[in-house]
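Chain residues, written in single-letter form:
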Amino acid sequence: MTKQTTAADAVALIPDAAMVAVNSSSGLCCPDAVLKAMGGRFDETGHPAGLTMIHPIAAGDFFGTKGVDHIARPGCIDKIIGGSYPSGPTKADPPLIWQMITANQVKAYNLPSGIIFDMLREGAGHRPGVLTKVGMETFVDPVHEGGAMNAAAAAEPIVRREHFAGEEWLYFEALKPDVAIIRATTSDQRGNLSFEGEGAYLGAMEMALAARNAGGIVIAQVRRVAKNGSIRPKDVHVPGILVDHVVEAPDMLQTTETDYDPAISGELIRPLDSFQIPEFGVGKVIARRVAQMLQVGWAVNIGFGVSANVPRIFIEEGRHGDVTWMIEQGAVGGVPLLDFKFGCASNAEAFVASPHQFAYFQAGGFDASLLSFLEIDAEGSVNVSRLAATPHRTAGAGGFVDITARAKRIIFSGTFNAGAKMHIENGKLVIDQEGRIPKIVPKVDQISFSGRRAVAQGQNATYVTERCVMRLTEQGLIVTEIAPGIDLARDVLEQAATPLGVASDLREMDPRLFQPGLIGL
């Protein structure tokens, strides 16, 4: 007996008012053919309507995988809980889901990706919900915004503070989806799923368990269907007992703008000299300074932004392998990829499920995290999740809140202000024109990382820019290093929109950072 069906027949089984969980990360593992069929059915029949959509990581992108935009229709989605959302260039039209969010046409929430996976896990176990410190004193906390992205969501809170065992916690109710939509590479006729061509597992097993144990259905999109017995038992990541319907989609992209790259799925090893090394310039200076702060043997989480180039600094310096890189989608080791292939790694040493990776991050089991910033305020708090003028430029917080909740060391990196024009000349940084938008501000627009909580917990937070390095202390932000060629008062203190302290032992950044040759990492 085969479980194979068409996408149209599979989505016809999704009832109105269903809770639907989708396993995806931009284009990575996105079950786009099934989501497209859902949108087509709604356009034709008006069903399924009133859905609650669960997306621990964004489904879809700007580059050929529409994802959630297939169903971003008023009436189709009533509520959406996302760790992140499709994001793209400022000048591009916002994705349809963002248009609905800003028009208040859907109750939209941004919760930490790892916490959403935890909510599904608790639902699968028929437990009441998640008690956690993750998100406290950030925008996720109900004392601030409770993760609500618009007025419609704020009117229906989904997180609250609770007292338990003498402490205060955030409480998120368990999620029990009626439908889980996941993706794999191969299914046999009994629905056993293998992921040999994918760049991650994400939370496929956890979603399938949550839907199955809630009495719901599991729809799996795959590249191919094979005869029973074709898949070795240890290669089955989701067993067929959890899968109800299999949809074949042979032309699906492996990830954003990528038909198929066997290095992403761990099927071959790319030569190190095939990775592009960043050109010498301001961004490379920042990445080099971050690289200098890492130690041999560390396990280091890496986020989107300037710091994503740090692994390539290690390659250039002949130190690849000294540090093990980790990304929230599940890759361990290898070389994390850039731009909208972020979330994938080539030459990974291992792939683990995202919920397991997040458990590691949430408890601070790793050595350091390299992350970006949109704004930093006087208390050292960071905003990465909301850009009010162009919301679709940012994906939301994703795993940022999970990762920073208890990380021992956090290195934030980015340019000091927005829009500045600079170059490096004779080993010195030259500011040609200052940016008009300060990024060091009195108060961030949204608290993605709480500097106050970090100080209370004894976390080590450093902020690396092209013109200075700052450190978080009990007294606030302290400038500890400045770039050669930079005037402290004119180029740093006066360019910040909030007062900065200056270390008594202020020193110049390593001059090797500002030369095109190797830095001797």
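Higher on the page you've got the structure.
Residues numbered from 1 in each chain as written. Predicted model: local features only at pLDDT ≥ 70, side-chain atom pairs only at ≥ 80, totals over all residues. Heavy atoms only, no water.

1. Section: the nonpolar core
Proteins that are soluble and globular tend to have nonpolar side chains buried together.
Right, so step 1: One finds Leu-294, Phe-412, Tyr-463 and Met-470 to be the most contacted residues of the largest nonpolar core, which totals 122 residues.
Right, so step 2: Sequence-distant contacts of Phe-412, defined by excluding residues within four places in its chain, comprise Leu-371, Ser-372, Phe-373, Val-382, Phe-400, Phe-449, Ala-461, Thr-462, Tyr-463 and Val-464.
Right, so step 3: Judged by nonpolar contacts, the second largest core, of 35 residues, contains Ile-14, Ala-59, Ala-72 and Trp-98. (Core = buried A, V, L, I, M, F, W, Y, C linked by side-chain atoms within 4.5 Å. Buried < 20%, exposed > 50% of the residue type's maximum accessible area, 1.4 Å probe, protein only. Contact = heavy atoms within 4.5 Å.)

2. Some thoughts on the sheet that holds strand 11 (residues 193-194)
Right, so step 1: As summarised here, the arrangement of the 3 strands in space is 11-10-13, forming an open sheet in which the pairing is mixed. The strands lining the two open edges of the sheet, one partner per strand, are strand 11 and strand 13 (224-226).
Right, so step 2: Strand direction decides the pairing type here: strand 10 (residues 186-188) and strand 13, joined by 3 bridges, are parallel. Residue pairing for strand 13: Ser-187 is matched across the bridge by Val-225. (Pairing = 2+ DSSP bridges. Helix = DSSP H or I, 4+ residues; strand = E, 2+ residues; numbered from the N terminus.)

3. Here's the deal with the pattern of salt bridges
Right, so step 1: Tallied over the full model, the rule gives 28 salt bridges.
Right, so step 2: With its nearest N and O atoms 2.4 Å apart, the salt bridge here joins Asp-141 to Arg-161. Placement of the pair is Asp-141 in the loop between strand 6 (129-132) and helix 5 (151-154) and Arg-161 in strand 7 (residues 159-164), with a sequence separation of 20 residues.
Right, so step 3: With a closest N to O distance of 2.9 Å, Arg-161 and Glu-168 form a salt bridge. (Salt bridge = Lys/Arg side-chain N within 4 Å of Asp/Glu carboxyl O.)

4. Describing the packing of helix 4 (residues 113-124) against helix 6 (residues 204-213)
Right, so step 1: Contact pair helix 4 / helix 6: the axes reach a minimum separation of 8 Å and the direction vectors enclose 40 degrees. Relative to helix 6, the element helix 4 lies oblique. Relative to helix 6, the crossing made by helix 4 is left-handed. Listed contacts from helix 6 to Phe-117, Leu-120 and Ala-124 of helix 4 are Met-207, Leu-209, Ala-210 and Asn-213.
Right, so step 2: Per-class residue counts for the contact of helix 4 with helix 6 are 6 nonpolar, 1 polar and no charged. (Axes fitted to C-alpha atoms, helices over the stretch in contact; angles between N-to-C directions. Parallel < 35°, antiparallel > 145°, perpendicular 65-115°, else oblique. Left-handed = near helix turned anticlockwise from the far one by under 90°. Nonpolar A, V, L, I, M, F, W, Y, C, P; charged D, E, K, R; others polar.)

5. Looking at the packing of helix 4 against helix 9 (residues 354-362)
Right, so step 1: Following both chains from N to C, one finds helix 4 and helix 9 inclined at 120 degrees, their axes separated by 9 Å at the closest point. Here helix 9 runs oblique to helix 4, going by the angle between their axes. The two elements helix 4 and helix 9 cross, and the hand of that crossing is left-handed. Along its contact with helix 4, which presents Ser-113, Gly-114, Ile-115, Phe-117 and Asp-118, the element helix 9 presents Ser-354, Pro-355, Phe-358 and Gln-362.

6. Let's talk about the packing of aromatic side chains
Right, so step 1: Throughout the structure, instances matching the rule amount to 12 aromatic pairs.
Right, so step 2: Taking 6.2 Å as the distance between ring centres and 55 degrees as the angle between the ring planes, the aromatic pair formed by Tyr-360 and Phe-366 counts as tilted.
Right, so step 3: Among the residues examined, Tyr-360 registers a relative accessible area of 29% and is labelled partly exposed.
Right, so step 4: The class for Phe-366 is buried, based on a relative accessible area of 0%. (Phe/Tyr/Trp six-rings, centres within 6.5 Å; stacked < 30°, edge-to-face > 60°.)

7. Regarding helix 9
Right, so step 1: Of all the positions in helix 9, only Ser-354, Pro-355, Gln-357, Phe-358, Phe-361 and Gln-362 are classed as buried. The buried residues of helix 9 occupy an angular sector of 155 degrees when the element is viewed end-on, so they sit on one face.
Right, so step 2: Against the buried residues of helix 9 lie helix 4, helix 6, strand 15 (299-302), strand 16 (324-326), strand 17 (331-332) and helix 10 (400-404).
Right, so step 3: Following helix 9 by one or two positions, Gly-364 has its phi on the positive side, about 70 degrees. (Arc of directions from axis to C-beta.)

8. So, the environment of Ser-194
Right, so step 1: Residue position: Ser-194 is located in strand 11.
Right, so step 2: Among the residues examined, Ser-194 registers a relative accessible area of 3% and is labelled buried.
Right, so step 3: Sequence separation between Ser-194 and Ala-184 is 10 residues; the distance between their C-alpha atoms is 6.0 Å.
Right, so step 4: If sequence neighbours within four positions are ignored, Ser-194 has contacts with Ala-184, Thr-185, Thr-186, Ile-231 and Asp-235.
Right, so step 5: There is a polar contact of 2.6 Å between the side chain of Ser-194 and the side chain of Glu-196. (Polar contact = N/O pair within 3.5 Å; in protein donor to acceptor, adjacent residues only side chain to side chain.)

9. Considering unusual backbone geometry
Right, so step 1: Residue Pro-48 is bonded to the preceding His-47 through a cis peptide linkage, with omega at -5 degrees.
Right, so step 2: Summarising the element assignment, Pro-48 is placed in the loop between helix 2 (32-45) and strand 3 (51-55).
Right, so step 3: Here the phi dihedral of Asn-104 falls at roughly 65 degrees; this positive angle occurs in a residue that is not glycine.
Right, so step 4: With respect to the element layout, Asn-104 can be found in the loop between helix 3 (96-102) and strand 5 (107-110).

10. Describing the sheet that holds strand 6
Right, so step 1: Judged by pairing direction, the sheet is antiparallel, and its 3 strands sit side by side in the order 6-8-7 without closing on themselves. Since the sheet does not close on itself, it has two edges, and those belong to strand 6 and strand 7, each with one partner. Sheet twist, expressed as the average angle between the axes of neighbouring strands with direction ignored, equals 35 degrees.
Right, so step 2: Of the strand pairs in this sheet, strand 7 and strand 8 (residues 167-173) are connected by 6 bridges, and their pairing is antiparallel. Note that in strand 8 the partner of His-163 across the bridge is Glu-168.
Right, so step 3: The strands that helix 4 touches are strand 6 and strand 8; relative to strand 6, the one it contacts most, it runs at about 135 degrees.

11. A closer look at the pairing of strand 14 (residues 245-248)
Right, so step 1: Where strand 1 (residues 4-5) lies against strand 14, 2 bridges are found, and the strand directions are parallel. Bridge pairing links Thr-5 to Val-247 in strand 14.

12. Things to note about the environment of Val-300
Right, so step 1: Within the secondary structure layout, Val-300 lies in strand 15.
Right, so step 2: A relative accessible area of 0% places Val-300 in the buried class.
Right, so step 3: Taking the C-alpha atoms as reference, Val-300 lies 9.8 Å from Ile-410; in sequence the two are 110 residues apart.
Right, so step 4: Each residue touching Val-300, except ones within four places of it in the same chain, is listed here: Leu-294, Val-323, Thr-324, Trp-325, Met-326, Ala-368 and Leu-370.

13. Looking at helix 6
Right, so step 1: Among all positions of helix 6, only Ala-204, Glu-206, Met-207, Ala-208, Ala-210 and Ala-211 are buried.
Right, so step 2: Contacts made by the buried residues of helix 6 are with strand 2 (19-22), helix 4, strand 9 (179-183), strand 12 (217-222) and helix 9.
Right, so step 3: In the stretch just after helix 6, Gly-215 is the one whose phi turns positive, near 80 degrees.

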